[in-house]
Amino acid sequence: MKIEDIGKQSNRMVNISPEDLMPLPYPYNKPDDEPPFKELTGEQKDRYDTSLDGFLAIGIPKPTTKEEEDALVKKFLSGLEKLLSKENNWTFLQPLFHSLEYCVKCQICNDSCPAYIASGKKEIYRPTYRPEVLRRIIEKYIKKKGKFLSFITGSDIELNWTLLSRLAELAYRCTLCRKCAQVCPLGVDNGLISREIRKLFSQELGIAPRELHELGTIQQLKTGSSTGITPKALSNLISFMEDEIEEIAGKRIKIPVDKKGAEILLLHNAGEFIAWPENTEAFAIIFDAAGIDWTLSSEVMGYDAVNYGVWYDDIQLARIAIRHAEVAKSLKVKKINVGECGHAHKAMIVIADRVLTGDLNIPRESALPLLEEIVCNGKLRLDPARNDFPVTLHDPCNMVRLMGIMEPQRNILRKICPQFREMEPHGVDNYCCGGGSGFAIMQSMNFPDWRSAVSGRMKLKQILETFQDVISPDDKKYVCAPCSNCKGQIRELFNYYDVNGKCGIFYGGLVELIVNAMTDIEKPFIEWAWH
C-alpha cells in the first residue's frame, strides 16, 4: 500500500477480517466468535463511496457529474490555503505547521496507535499515513513543487474526488487520543493533523458527521443541549433526580439552580441527565454533605458541558464556549467546575483559552481535584468495605494525557476501594476507550462495528487482562470511567461483545463509588443493573 494509492480507483483500499484483528484474552480468544460486521445496504453502496475500508462514519454522497467533482476539489484547495494562513487558522496554525514540517517519518509512533495495532496493522490507519497524504497535496498544489520534482522524489499524488472522499472518512478513523504525539521525540502531533483535516472539510465543504454537527452542535445552539433537553425538560429531570435521591438517601436534597454568586457553576455533560442520572445525583449528594456552595444553570446551553466543536470545527467550538462563559458571568459565580466529561475538560478548560478573553476569562477547573479534597480530607463519612469488589480505572485521554490530572482520581479510589487495581498501561500512557473524538455517539450505518472491533479493541483487551483472575460472570467487577463519552463507548463496546453477560463487568463513574461508600446513605448506591 503506497501513499498515492489513496487517489487511485479501486473497489476497496483495505479489507478487515476477524483473522486480521489483534487477539483478545479469554473468553474472546477465538476469532470465529467475533461478531460479524454489518453489511451496508445496496442503496448505501450506490449512494456513498465505501472504497476506503467498507465502513462509513460520514457517508459523503457521490458527485453525479465531473463538474461537481471538480468543484469539490477546488473548494478543498481553497480550504487548505486558509488552513495554512495566520488570518484564518487562529487556533492551531503553529502546532499544525510544526507537525507538517518536522516529521522525519521514523515511524516510532506506529506502535502507540491502538487502532493501527488492533486492526492488524492496516497501512491506512498508520498514524503517519493521513499526514503524509496532506503533506503531498500541500507540496504539489499549494507550494507548486512541480510534477517532475514530485516524481523524482517519489512524493507525487493526484488530488481527485476519490482521494477527497477517502481522506474525509480516514480523518474519522483516528480518535485524536494523541498517544502518537506523546511518543514522538520531535513533538509531531498527527492527531492534530487529523483534527485539522476534519476542520477543513467542515468549514469549507460543509462535511461533518451528522451526529456531531446537525444533531450535536446545531441542536445544542437551538434547544440548549445536544441531547435535545430544553430548560423546561431540565426542570422536570431535576425534580425526578431529587425524588430518586430522597428514596436512596432518606432525605430530600434540593439541587441548586441559578443560584447567584455561588462559588462554582457545575457543568455536566447533559448525557448524564438522561443516560446516567445517578452520576448527577451522586454529585448532589456529595456536594450537599461536604457543604459545597454550587449551582447548576437553567439557561440555554448553561446546563450542558458538551462542545462537539472541539472535535471538528473551531467556529462551532467558539460559539458554545462563549455561551458557557456568558452564563457563568451572568450568575456571578467565582469559577466553572467541569464534571465527569473528558472532552468538556479539553474544550472548556484548555482550548477555550483561545476565545475566552477579557471578562469572559472566568476561572475554569476540573471536578476531580475538588472531589479528592472532599474525600481525602475527611469531609465525608466513608466505609471502604462497601466497595469491596474488584475495581479498575480507565483514564480519559483529555483529562489525563492532555491535562495531567492523574492522581486525584487514584487517591480517591485507593481510599474507598480496597480491591482497586490498575490496568496496564495506565495514567498518561493509557489507551483511548475507542470512542474518543465523537466516535462514541456516531451511530451511522456500520461505523459502530468498526468502533467496537477496531478502535475500542485495545481498551477491551486491557480490561479483560486486568480482571482475568476473576473473569467469571459470578464475580461482579467495576470499570470506573470518570467521563460521559468514555462511559458511552464502554457501554457500546460491552454490548457488542456481551462483556457483562460473559464476564460480569459493569462500568460507571467515580462519584457513584464515593456515594456507595458513604455511611450516611443507608441503601447501596450502585445497583449493578446493566444500562
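Quick look at the structure, then. All of these numbers come straight from a predicted model, not from anything done at the bench.

A look at the packing of helix 3 (residues 93-102) against helix 9 (residues 190-205)
For any two helices packed against each other, one specifies the crossing angle of their axes together with the interaxial distance. Closest axis-to-axis distance for the helix 3/helix 9 pair is 9 Å, and the angle between their directions is 115°. Along this stretch, helix 3 crosses helix 9, giving a crossing that reads as left-handed. Facing helix 3, whose interface residues are Pro95, Leu96, Ser99 and Leu100, helix 9 presents Leu192, Ile193 and Glu196. For the contact of helix 3 with helix 9, the class distribution of residues is five nonpolar, one polar and one charged.

Some remarks on the sheet that holds strand 1 (residues 264-267)
Hydrogen bonds along the backbone pair up the strands of a sheet, which may run parallel or antiparallel. The sheet built from four strands is open, its strands ordered 2-1-3-4 with parallel pairing. Looking at strand neighbours, the two that pair on one side only are strand 2 (294-295) and strand 4 (364-366), the edges of this open sheet. Summarising the sheet, strand 1 and strand 3 (residues 335-338) pair through four bridges and their orientation is parallel. Residue pairing in the sheet places Leu265 in a bridge with Ile336 of strand 3. The strands touched by helix 17 (residues 367-376) within the sheet are strand 1, strand 3 and strand 4, with strand 4 carrying the most contacts at an inclination of about 60°.

Details of the environment of Asn160
When you line up the elements, Asn160 lands in the loop between helix 6 (147-152) and helix 7 (161-170). Along the chain, Asn160 and Leu72 lie 88 residues apart, while their C-alpha atoms are 8.8 Å from each other. In this structure the side chain of Asn160 is engaged in a polar contact, spanning 2.9 Å, whose partner is the backbone oxygen of Gly7. There is a polar contact of 2.8 Å between the side chain of Asn160 and the backbone nitrogen of Leu163.

As for helix 11 (residues 231-249)
In a regular helix each residue adds 1.5 Å, so 19 residues correspond to 27 Å; helix 11 covers 26 Å between its end C-alpha atoms and thus fits that length. Where helix 11 is buried, its residues meet helix 12 (271-275) and helix 13 (277-290). Backbone geometry just downstream of helix 11 places Gly250 in the positive-phi region, at approximately 80°.

As for a nonpolar patch on the surface
Nonpolar side chains collect at one region of the surface, where Phe97, Tyr102, Val104 and Leu186 lie side by side and expose about 420 Å² of accessible area between them. Along the polypeptide, Val104 turns up in the loop between helix 3 and helix 4 (114-118). Looking at Val104, the relative accessible area reads 58%, which means it is exposed.

Brief notes about the nonpolar core
Within the largest apolar cluster, 98 residues are counted, with the highest numbers of intra-cluster contacts made by Phe76 and Ile137. Every residue in contact with Ile137, bar those within four places of it in the chain, is listed here: Phe76, Leu77, Leu80, Ile142, Ile157, Leu159, Leu163 and Leu167. By size, the runner-up hydrophobic cluster in this structure holds 54 residues, among which are Ile238, Ile264, Phe283 and Ile286.

Here is what the cut-offs are and how they apply
Residues numbered from 1 in each chain as written. Predicted model: local features only at pLDDT ≥ 70, side-chain atom pairs only at ≥ 80, totals over all residues. Heavy atoms only, no water. Axes fitted to C-alpha atoms, helices over the stretch in contact; angles between N-to-C directions. Helix = DSSP H or I, 4+ residues; strand = E, 2+ residues; numbered from the N terminus. Left-handed = near helix turned anticlockwise from the far one by under 90°. Contact = heavy atoms within 4.5 Å. Nonpolar A, V, L, I, M, F, W, Y, C, P; charged D, E, K, R; others polar. Pairing = 2+ DSSP bridges. Polar contact = N/O pair within 3.5 Å; in protein donor to acceptor, adjacent residues only side chain to side chain. Expected span 1.5 Å × (residues − 1). Patch = residues over 30% accessible without salt bridge, like charges linked within 9 Å, V, L, I, M, F, W, Y side chains within 5 Å. Areas by Shrake-Rupley, 256 points an atom, 1.4 Å probe, with all protein chains shown as cover. Salt bridge = Lys/Arg side-chain N within 4 Å of Asp/Glu carboxyl O. Buried < 20%, exposed > 50% of the residue type's maximum accessible area, 1.4 Å probe, protein only. Core = buried A, V, L, I, M, F, W, Y, C linked by side-chain atoms within 4.5 Å.

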